[in-house]
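# Report on the structure
So the chains spell out like this:
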Amino acid sequence: MTIRVVVADDQELVRSGFALILDVQPDIEVVAEVGDGAQAVDAVRRLAPDVALLDIRMPHLDGIEACRAISATSACRTVMLTTFDSDEYVYEALHAGASGFLLKDVRRDDLVHAVRVVAAGDALLAPSVARRLVAEYTSRPAAPVPSGRLDALTARERETLLLLGRGLSNAEIAAELTVSEHTVKTHVGHVLAKLGLRDRIQAVICAYETGLISAGAPSS
């Protein structure tokens, strides 16, 4: 099955470069290249792609608002393109429904891998992005902990959610818990289903918003 992609970035060279890398893949087709968020929302509406790559900072409609509109009106999954050294909107983008984040200096293979992962229904949270997210959360005033939200989880599922919140991959979680990756996938699936979460990025948000992880919290 071919993965259909929309690439949105106001810098033509960046946009064209990403599109060229993706379009030569046998299982990926770039169906549109656009220069702002409004055009991205329109392209998704017209072309029904599987994945939209969205620059966070674009004219007319920024990537976060475009992501929010796309997530609310389509099944298309979104990956944000960012520098992170200057962007201050990681938290907002996650809440808008982003399924992944890529730095603009991403390696060719990592770009292709990210599109495939997100198209398959998973989410991509690179360690550098996880660190930025941790810094963002721990710099905010503590929010009220939703009472009992995690009560549906078993002890092992809570451990899994905590490790997801730290940005660990399935392989790293398996090593931490001394179980197989298959078992980790099962735990992750149970966590998402019980808490009504779409993907592991939303699980990261949940880990912080429920107070499971906080500034200075133990790592395990």
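Preceding this section is the structure that the text describes.
Residues numbered from 1 in each chain as written. Predicted model: local features only at pLDDT ≥ 70, side-chain atom pairs only at ≥ 80, totals over all residues. Heavy atoms only, no water.

## Considering the overall build of the protein
Along its length, the protein carries 10 helices and 5 strands. A total of 220 residues make up the protein; the buried ones form 47% of that total. Across the protein, the fraction of contacts at a sequence separation of at least 24, relative to all contacts at a separation of at least 6, is 67%. When the accessible surface of the protein is summed, it comes to about 10500 Å², and 52% of that surface belongs to carbon and sulfur atoms. (Helix = DSSP H or I, 4+ residues; strand = E, 2+ residues; numbered from the N terminus. Buried < 20%, exposed > 50% of the residue type's maximum accessible area, 1.4 Å probe, protein only. Contact = heavy atoms within 4.5 Å. Areas by Shrake-Rupley, 256 points an atom, 1.4 Å probe, with all protein chains shown as cover.)

## Regarding helix H2 (residues 37–47)
Three or more residues of H2 are buried, namely Gly37, Ala40, Ala43 and Val44. Each buried residue of H2 sits inside an arc of 115 degrees when the element is viewed along its axis, so together they form one side. Capping the start of H2, Asp36 holds a side-chain oxygen 3.0 Å from the backbone nitrogen of Ala38, two or three residues further along. Where H2 ends, the next residue or the one after it, Ala48, has phi of about 50 degrees, a positive value. (Arc of directions from axis to C-beta. Polar contact = N/O pair within 3.5 Å; in protein donor to acceptor, adjacent residues only side chain to side chain.)

## Describing the sheet that holds strand E1 (residues 3–8)
Ordered in space as E2-E1-E3-E4-E5, the 5 strands form an open sheet in which the pairing is parallel. Strands at the two margins of the open sheet, each flanked by one partner only, are strand E2 (28–34) and strand E5 (100–103). Across the sheet, the axes of successive neighbouring strands diverge by a mean angle of 25 degrees, strand direction being ignored. Looking at chain direction, E1 and strand E3 (residues 51–55) are connected through 4 bridges and run parallel. Bridged to Val7 within E3 is Leu53. Running over the sheet, H2 touches E1, E2 and E3 and is turned about 140 degrees from E2. This element, helix H5 (residues 108–119), spans E1, E2, E3, strand E4 (77–82) and E5 of the sheet and lies at about 125 degrees to E3. (Pairing = 2+ DSSP bridges. Axes fitted to C-alpha atoms, helices over the stretch in contact; angles between N-to-C directions.)

## Some words on helix H9 (residues 181–195)
Here H9 is 15 residues long and its end C-alpha atoms lie 21 Å apart, about the 21 Å a rise of 1.5 Å per residue gives. Looking only at H9, the buried set comprises Val184, His187, Val188, Val191, Leu192 and Leu195. Seen end-on, H9 carries its buried residues on one side only, within an arc spanning 130 degrees. H9 presents His182, Lys185 and Ala193 as exposed residues on the side facing more than 90 degrees away from its buried surface. Elements that come into contact with the buried residues of H9 comprise helix H7 (155–165), helix H8 (170–177) and helix H10 (200–209). Phi turns positive one or two residues past the end of H9, at Gly196, with a value near 65 degrees. (Expected span 1.5 Å × (residues − 1).)

## Brief notes about the side chain of Thr160
Within the secondary structure, Thr160 is located in helix H7. Classification of Thr160 as buried rests on a relative accessible area of 0%. With sequence-adjacent residues up to four places away left out, Thr160 is seen in contact with Ile173, Leu177, His187 and Val188.

## Points about unusual backbone geometry
One non-glycine residue with positive phi stands out, namely Ala48, at about 50 degrees. Relative to the helices and strands, Ala48 is located in the loop between H2 and E3. Ala48 sits in the exposed class, given a relative accessible area of 54%. With a phi angle near 55 degrees, Thr178 is a residue other than glycine that sits in the positive phi range. Relative accessible area serves as the criterion here: at 70%, Thr178 is assigned to the exposed category.

## Section: the state of the cysteines
Enumeration over the complete set of coordinates arrives at 0 disulfides. For the unlinked cysteine Cys67, the closest cysteine sulfur is that of Cys76, found at 9.2 Å. (Disulfide = S-S within 2.5 Å.)

## Side note on the nonpolar core
Within the largest apolar cluster, 26 residues are counted, with the highest numbers of intra-cluster contacts made by Leu54, Met80 and Phe101. When contributions to this core are tallied by element, the ones reaching two or more residues are E1, E2, H2, E3, helix H3 (63–73), helix H4 (90–96) and H10. Once residues lying within four places of it in the same chain are set aside, the contact partners of Met80 are Leu54, Ile56, Gly63, Ile64, Cys67, Ala93, Ala98, Gly100, Phe101 and Leu102. Listed in part, the 23 residues of the second largest apolar core include Leu150, Ala174, Val188 and Leu212. (Core = buried A, V, L, I, M, F, W, Y, C linked by side-chain atoms within 4.5 Å.)

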